[in-house]
Amino acid sequence: MQRCPPATAAKTKSLSHCELITDDGILHLSNSTCGHERLRVLELDNCLLITDVALEHLENCRGLERLELYDCQQAQLPHV
């Protein structure tokens, strides 16, 4: 397994307004070494294809402290 280089590891990832990002994209991010080890903030505002499935994938991101989901109409708040 590849390790995430500390100098280039993104702690904040903004995917806001990426209207084509899907649950599968979030799965890929959450399964990556950088995603589940270093990601602290994920902005998904106005990502219209994100659903509850993506929120379940994000459980892999152990260090995630803040998740922004403004206007993600298919994602339900009880999962957050």
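The name given to the protein in an unreviewed UniProt entry is F-box/LRR-repeat protein 2, with Neovison vison as the source organism.

A. Inspection of the sheet that holds strand β2 (residues 41–43) at higher detail. Reading across from one edge, β1-β2-β3 is the order of the 3 strands in this open sheet, with parallel pairing throughout. For this open sheet the edge positions go to β1 (12–14) and β3 (66–68), each flanked by a neighbour on one side alone. Here the strands of the sheet are splayed against their neighbours by 5° on average, with no regard to which way each runs. Looking at chain direction, β2 and β3 are connected through 3 bridges and run parallel. Bridge assignment links Leu42 to a residue of β3, and that residue is Leu67.

B. Inspection of the nonpolar core at higher detail. Ranked by size, the top nonpolar core spans 16 residues in total, and within it Ile26, Leu42 and Leu44 carry the most contacts. Broken down by secondary-structure element, the contributors of at least two residues to this core are α1 (23–31) and α3 (52–57). If we skip the residues at most four places from it in the chain, Ile26 touches Leu15, Ile21, Leu44, Ile50, Ala54, His57 and Leu58.

C. How the structure looks around the pattern of salt bridges. A full pass over the atoms with the stated rule returns 2 salt bridges. Across the pair Arg66 and Glu43 runs a salt bridge whose closest N-O atoms are separated by 3.7 Å. One end of the pair, Arg66, is in strand β3; the other, Glu43, is in strand β2, and 23 residues separate them in sequence. Residue Glu43 is classed as buried on the basis of its relative accessible area of 18%. Owing to a relative accessible area of 40%, Arg66 belongs among the partly exposed residues under this scheme. Through salt bridges with shared partners, one network takes in Glu43, Arg66 and Glu68.

Definitions and limits used
- Residues numbered from 1 in each chain as written.
- Predicted model: local features only at pLDDT ≥ 70, side-chain atom pairs only at ≥ 80, totals over all residues.
- Heavy atoms only, no water.
- Pairing = 2+ DSSP bridges.
- Helix = DSSP H or I, 4+ residues; strand = E, 2+ residues; numbered from the N terminus.
- Axes fitted to C-alpha atoms, helices over the stretch in contact; angles between N-to-C directions.
- Core = buried A, V, L, I, M, F, W, Y, C linked by side-chain atoms within 4.5 Å.
- Buried < 20%, exposed > 50% of the residue type's maximum accessible area, 1.4 Å probe, protein only.
- Contact = heavy atoms within 4.5 Å.
- Salt bridge = Lys/Arg side-chain N within 4 Å of Asp/Glu carboxyl O.

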